[in-house]
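Observations on the three-dimensional arrangement
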Amino acid sequence: MKRCFIFAAGTYYGLRERPQTGDLVLAADAGYLACRQAGITPDLLLGDFDSMDQPADFDHVCRVPVEKDDTDTMLAVKTALEQGCDEVYLYGGTGGKRLDHTLANLQSLLYLRRRGARGYMYDDDFLWTVMENESMTIQRTVEWGLFSAFSLGDRAEGIDET
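Residues numbered from 1 in each chain as written. Predicted model: local features only at pLDDT ≥ 70, side-chain atom pairs only at ≥ 80, totals over all residues. Heavy atoms only, no water.

Secondary structure assignment for the protein yields three helices and seven strands. Its helices and strands taken in sequence order, the protein reads β-β-α-β-β-α-β-α-β-β from the N to the C terminus. Taken against the 2.2 N^0.38 rule, which gives 15 Å for 162 residues, the C-alpha radius of gyration of the protein at 16 Å falls within 12% of a compact globule. For the protein, the spread of C-alpha atoms along the principal axes amounts to about 55 × 35 × 30 Å. Burial statistics for the protein: of 162 residues in total, 39% are counted as buried. (Helix = DSSP H or I, 4+ residues; strand = E, 2+ residues; numbered from the N terminus. Rg over C-alpha atoms; globule rule 2.2 N^0.38 Å. Buried < 20%, exposed > 50% of the residue type's maximum accessible area, 1.4 Å probe, protein only.)

A separate point is a nonpolar patch on the surface. Together, Met131, Met136, Ile138 and Phe147 line one region of the surface with nonpolar side chains, adding up to about 380 Å² of accessible area. Its place among the elements puts Phe147 in the segment after strand E7 (127-128). Relative accessible area serves as the criterion here: at 47%, Phe147 is assigned to the partly exposed category. (Patch = residues over 30% accessible without salt bridge, like charges linked within 9 Å, V, L, I, M, F, W, Y side chains within 5 Å. Areas by Shrake-Rupley, 256 points an atom, 1.4 Å probe, with all protein chains shown as cover. Salt bridge = Lys/Arg side-chain N within 4 Å of Asp/Glu carboxyl O.)

Here Met136 lies in the segment after E7. In contact with Met136, not counting residues within four places along its chain, are Arg118, Thr129 and Met131. (Contact = heavy atoms within 4.5 Å.)

It is worth spelling out the packing of helix H2 (residues 72-82) against helix H3 (residues 99-113) at this point. Between H2 and H3, whose axes approach to 10 Å, the crossing angle comes to 15°. Comparing their axes, H3 and H2 come out roughly parallel. Crossing geometry of H2 relative to H3 is assigned as right-handed. Along the contact surface, H2 presents Thr73, Met74, Val77, Lys78 and Leu81, while H3 presents Asn105, Ser108, Tyr111 and Leu112. (Axes fitted to C-alpha atoms, helices over the stretch in contact; angles between N-to-C directions. Parallel < 35°, antiparallel > 145°, perpendicular 65-115°, else oblique. Left-handed = near helix turned anticlockwise from the far one by under 90°.)

Under the defined criterion, the tally for this structure stands at nine aromatic pairs. Note on Phe5 and Tyr89: the rings are 5.0 Å apart at their centroids and 25° apart in plane angle, and the pair reads as stacked. Linking Phe5 in strand E1 (residues 3-7) with Tyr89 in strand E5 (residues 87-91), this pair joins segments that are 84 residues apart in sequence. Judged by its relative accessible area of 0%, Phe5 is buried. For Tyr89, a relative accessible area of 8% corresponds to the buried category. Ring centres 5.7 Å apart and planes at 20° place the aromatic pair Phe7 and Tyr91 in the stacked group. Of this pair, Phe7 sits in strand E1 while Tyr91 sits in strand E5, and the two are 84 residues apart along the sequence. Through a chain of ring-to-ring contacts, three or more aromatic side chains come together here, namely Phe5, Phe7, Tyr12, Tyr89, Tyr91, Tyr120 and Tyr122. Here the basic side chain of Arg115 rests over the ring of Tyr111, its NZ or CZ set 3.5 Å away from the ring centre. (Phe/Tyr/Trp six-rings, centres within 6.5 Å; stacked < 30°, edge-to-face > 60°. Lys NZ or Arg CZ within 6 Å of the ring centre and 35° of its normal.)

The subject of this paragraph is H3. In an α-helix, one turn spans 3.6 residues, which is why side chains three or four residues apart end up on the same side. The first and last C-alpha atoms of H3 sit 22 Å apart over 15 residues, in line with the 21 Å expected at 1.5 Å per residue. Among all positions in H3, only Thr102, Asn105, Leu106, Ser108, Leu109, Leu110 and Leu112 are buried. Turning to H3, the residues buried within the fold contact H2, E5, strand E6 (118-122) and E7. (Expected span 1.5 Å × (residues − 1).)

Let's shift gears to the environment of Leu24. Within the secondary structure, Leu24 sits in strand E2 (residues 24-28). Between the alpha carbons of Leu24 and Ser135 there is a distance of 28 Å; along the sequence they are 111 residues apart. Filtering out sequence-adjacent residues up to four positions away, Leu24 remains in contact with Arg3, Cys4, Phe5, Asp43, Ala80, Gln83 and Cys85.

Everything listed here is a matter of coordinates, which is why it stays silent on function.
Here's what the structure looks like:
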């Protein structure tokens with residue numbers, strides 16, 4: 001399994017796990033700031049730089065136009081897939097000022113799943129992933145633990161929660 005850590009420009013709540021040697025680390029636009037806050041140097045910074053200035057002291061940059069079909073985070077997701085990653089950990093994918101980006105990042109988890117990869121998106125106390133035609137077992141580790149399931153489409157069938 002090849003893993004990728006993506007830092008996006010939403011609210012950053014800290015790392016659950018640090019990237020290891022061989023993991024791909026991508027920063028999407030101002031996600032670079034969260035990446036640096038975590039003490040991690042990304043392999044690549046990509047974006048249109050509408051939420052921060054391009055850093056003068058970092059050379060591994062892929063600058064894209066502001067007007068484009070994908071968010072900067074989705075460009076990072078596509079880069080992860082192009083690099084053969086099958087596990088993607090997304091930090092800074094929720095919160096911030098852009099609900100539209102949070103929703104787009106949830107959709108990116110489905111995009112990953114439909115291409116054979118598994119994506120995980122983290123915020124303060126929650127973890128999101130997408131399932132399609134599969135099952136998953138989740139152990140409750142704390143009394144207050146929550147589990148929610150919802151459909152990204154117009155219907156869901158064959159759902160069983162125990």
